[in-house]
Amino acid sequence: MHTSLPGMALEHAILVSLEERSGSGYELARRFGKSIGFFWAASHQQIYRTLKRMVELGWISCDHVAQESRPDKKVYRVNADGRAELARWLAEPVEPGAIRNDLAVKIRGASAGDVGGVLDEIARHRRRHAERIEVYRAIERRDFGEPDRLTGRHLHQYLVLRGGIRVEQAFVDWCDEVLAAMRSDHDSRTTESDQR
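Each value, and the rule that gives it
- Residues numbered from 1 in each chain as written.
- Predicted model: local features only at pLDDT ≥ 70, side-chain atom pairs only at ≥ 80, totals over all residues.
- Heavy atoms only, no water.
- Helix = DSSP H or I, 4+ residues; strand = E, 2+ residues; numbered from the N terminus.
- Expected span 1.5 Å × (residues − 1).
- Buried < 20%, exposed > 50% of the residue type's maximum accessible area, 1.4 Å probe, protein only.
- Polar contact = N/O pair within 3.5 Å; in protein donor to acceptor, adjacent residues only side chain to side chain.
- Pairing = 2+ DSSP bridges.
- Core = buried A, V, L, I, M, F, W, Y, C linked by side-chain atoms within 4.5 Å.
- Contact = heavy atoms within 4.5 Å.
- Axes fitted to C-alpha atoms, helices over the stretch in contact; angles between N-to-C directions.
- Parallel < 35°, antiparallel > 145°, perpendicular 65-115°, else oblique.
- Nonpolar A, V, L, I, M, F, W, Y, C, P; charged D, E, K, R; others polar.
- Arc of directions from axis to C-beta.
- Left-handed = near helix turned anticlockwise from the far one by under 90°.

Labelled according to an unreviewed UniProt entry, the protein chain appears under the name PadR family transcriptional regulator, originating from Saccharopolyspora erythraea.

Visitor: Which parts of the structure should I look at to understand helix H6 (residues 115–143)?
Guide: An α-helix turns once every 3.6 residues. As a result, residues three or four positions apart point the same way. With 29 residues, H6 should reach 42 Å at 1.5 Å per residue; the first-to-last C-alpha distance of 42 Å fits that figure. Buried within H6 we find Val115, Val118, Leu119, Ile122, Ala123, His129, Ile133, Tyr136, Ile139 and Glu140. The opening residue of H6 is Asp114, an N-cap whose side-chain oxygen sits 3.1 Å from the backbone nitrogen of Gly116.

Visitor: I tried to follow the pairing of strand S2 (residues 60–67) on my own but got confused; where do I start?
Guide: Regular strands place their side chains on alternate faces of the sheet. Of the pairings in the sheet, the one linking S2 to strand S3 (residues 70–78) comprises 7 bridges and is antiparallel in character. When the bridges of S3 are listed, Asp63 appears paired with Val75.

Visitor: Even after reading the chapter, I still don't get the side chain of Ser61, so can you show me in this structure?
Guide: Here Ser61 lies in strand S2. A polar contact is formed between the side chain of Ser61 and the side chain of Asn79, at a distance of 3.4 Å.

Visitor: What am I meant to see in the nonpolar core here?
Guide: Of all hydrophobic cores here, the largest spans 18 residues; its most connected members are Ile14, Leu18, Leu51 and Ile60. Among the secondary structure elements, those contributing two or more residues to this core are helix H1 (10–20), helix H2 (25–34), helix H3 (44–57), S3 and helix H4 (80–91). The element that contributes the greatest number of residues to this core is H1, accounting for 5 residues.

Visitor: Help me understand the sheet that holds S3, please; the structure alone is not making it clear to me.
Guide: The strands making up a sheet are joined through hydrogen bonds of the backbone, oriented either antiparallel or parallel. The strand order S1-S3-S2 describes an open sheet built from 3 strands, whose pairing is antiparallel. For this open sheet the edge positions go to strand S1 (23–24) and S2, each flanked by a neighbour on one side alone. Sheet contacts for H1: S1, S2 and S3; angle to S3, the most-contacted strand, approximately 100°.

Visitor: I would appreciate a short explanation of the side chain of Asn79 in the present structure.
Guide: Assignment of secondary structure puts Asn79 in the loop between S3 and H4. Using a relative accessible area of 17% as the deciding quantity, one classes Asn79 as buried. A distance of 2.9 Å separates the side chain of Asn79 from the backbone oxygen of Gly58, its partner in a polar contact. With residues up to four places along the chain from it excluded, the contact list for Asn79 reads Gly58, Trp59, Ile60 and Ser61.

Visitor: Honestly, the packing of H1 against H3 in this entry has me stumped. Any pointers?
Guide: Two measures define how a pair of helices packs: the angle their axes make with one another and the distance between the axes. Running from N to C, H1 and H3 cross one another at 85°; their axes reach a closest spacing of 10 Å. Here H1 is positioned roughly perpendicular relative to H3, judged by the angle of their axes. Two secondary-structure elements touch here, H1 through Leu10, Glu11, Ile14, Leu15 and Leu18 and H3 through Gln46, Ile47, Thr50, Leu51, Arg53 and Met54. Taken together, the residues of the contact of H1 with H3 break down into 7 nonpolar, 2 polar and 2 charged.

Visitor: Sorry if this is basic, but what is going on with H3 here?
Guide: For H3, built from 14 residues, the straight-helix expectation of 20 Å at 1.5 Å per residue is met to within 8% by its first-to-last C-alpha distance of 20 Å. Three or more residues of H3 are buried, namely Ile47, Thr50, Leu51, Met54 and Leu57. On an axial view of H3, the arc spanned by its buried residues comes to 120°, and they lie on one face. For H3, the exposed residues lying more than 90 degrees away from the buried face are Gln45, Arg49 and Lys52. Of the surrounding elements, those touching the buried residues of H3 are H1, H2, S2 and S3. With its phi angle positive at about 85°, Gly58 sits one or two positions after the end of H3.

Visitor: Whenever I open this one, the packing of H2 against H3 confuses me. Can you help?
Guide: Running from amino to carboxyl end, H2 crosses H3 at an angle of 130°, the nearest separation of the two axes being 10 Å. Our classification of the angle between H2 and H3 gives oblique. As H2 packs across H3, the resulting crossing turns out to be right-handed. Between H2, through Gly25, Tyr26, Leu28, Ala29 and Phe32, and H3, the contact on the second element is made entirely by His44, Ile47, Tyr48 and Leu51. Its residues placed into classes, the contact of H2 with H3 shows 7 nonpolar, 2 polar and no charged.

Put into structure tokens, the structure is as follows:
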């Protein structure tokens, strides 16, 4: 049975991950926590529900692997219908993602509230994005030591990681710009009000 879904869905992210390597729901959830999850987040519950639906759609198969003193492990793998769906989705145009950023709205509305509090929030976001860059760079050093020699799947994974580094660096740079401008403005307004 071949049924397609419009646009990007968790199913497609799972198909990509399982096409790279078959695995159990637990292993897949760990992969989402460590790699693909940086670009497409999903909870364990969402992954397990989606795996069940994908089996029903006929996109993946599930093998039961016996384990000593533990319940059988379900190992999922992509089958022919799943590969066809993944190929269909890969050929489909993707709309550029809309920027939906709560922090940007807070910055825009900062003058209506506590500017100092918004500055603290911007600084917190900057730290989080800088930390993420370090995580990505550690992955880059560990997994992609010779990027000029990469081909196929490894090259594609590396290019996505590089995109993540660039996006995070751009966000850090933007936070630096916003912090400098807003602190300068805030300081000059505070000085003016003190002189009155």
